[in-house]
Amino acid sequence: MHMANVILIVENKKTESPAFAPDLQKKGFDVYVAASGNEALERLDDIAPDLVVVNAASLRSSGKRICQSFKQQDARLPVILILKQDHAYVDKKTADAILHLPFTVQKLNNRIKALLPSDGQNLIHAGPIRLDREHGRVRCLGKSTRLTPRLVALLTKLIQHQGEVVEREALFKEVWNTDYTGDTRTLDVHISWLRRAIEIDPLHPKFLKTVRGVGYRLDV
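So, here's what we can say about the structure. (Residues numbered from 1 in each chain as written. Predicted model: local features only at pLDDT ≥ 70, side-chain atom pairs only at ≥ 80, totals over all residues. Heavy atoms only, no water.)

**Describing the packing of helix α5 (residues 149–160) against helix α7 (residues 184–198)**
For the pair α5 and α7, the least separation of the axes is 10 Å and the interaxial angle reads 80°. Relative to α7, α5 is oriented roughly perpendicular. In contact with R150, L151, L154, L155 and L158 of α5, α7 contributes L187, H190, I191, W193 and L194. Tallied by class, residues from the contact of α5 with α7 come to eight nonpolar, one polar and one charged. (Axes fitted to C-alpha atoms, helices over the stretch in contact; angles between N-to-C directions. Helix = DSSP H or I, 4+ residues; strand = E, 2+ residues; numbered from the N terminus. Parallel < 35°, antiparallel > 145°, perpendicular 65-115°, else oblique. Contact = heavy atoms within 4.5 Å. Nonpolar A, V, L, I, M, F, W, Y, C, P; charged D, E, K, R; others polar.)

What follows is the structure, encoded as structure tokens:
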């Protein structure tokens, strides 16, 4: 099952320069549009994009500051910068790829594909839950969330045993590498974080069920 890659594009539709969001949607990407750098940065955590396109040609700016802000938030996030034809000099460190107008959508598509992480072997899923273990990101029902390595390990274990009750002891042993299960609070907190990531209503979970006195079960 292939997950659509999430792309956040910063572009202002009101200007004369071409807008690329519709074309990228046609190419099968999951596209979110922000009209300004500030709006994009505010939504970065919610959207958790795989890649950002900064259409500086539509923003009346060099895009440099916006690109730097993204890199400060997440150094591994690939950024493509689109500039007007006459916008000559840009520091190559500003973005992972720089394109000058005009160019074809195919060229942009090729650049995006080259910068996207390949799904590889580290993608596991259960029902609507897609876990990218390599990049520590889970997607479920349109929501995308970054997870800590420990949460990735916890969700991996639950996905591998979906439909079965996984005992608390087994989770402690595998995820925390300990036989000590006195501190149940730690596990409860991690489960509640996972629910926030995958459930529509974390207080009334549909997927990640508590089996009282025993452990947890992932139902998808």
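From this point on, the discussion continues.
**Regarding the sheet that holds strand β12 (residues 215–218)**
Within the open sheet, the three strands sit side by side as β10-β12-β11. Their pairing is antiparallel. The open sheet has two edge strands, β10 (165–167) and β11 (208–211), and neither has a second partner. Pairs of neighbouring strands in the sheet enclose a mean axial angle of 30°, with direction left out of account. Here four bridges tie β11 to β12, and the two strands are oriented antiparallel to one another. Bridge pairing in β12 links L208 to L218. Across the sheet, α7 lies against β11 and β12, angled at about 150° from β11, the strand it touches most. (Pairing = 2+ DSSP bridges.)

Functional significance is not addressed by these values, which are geometric in nature.
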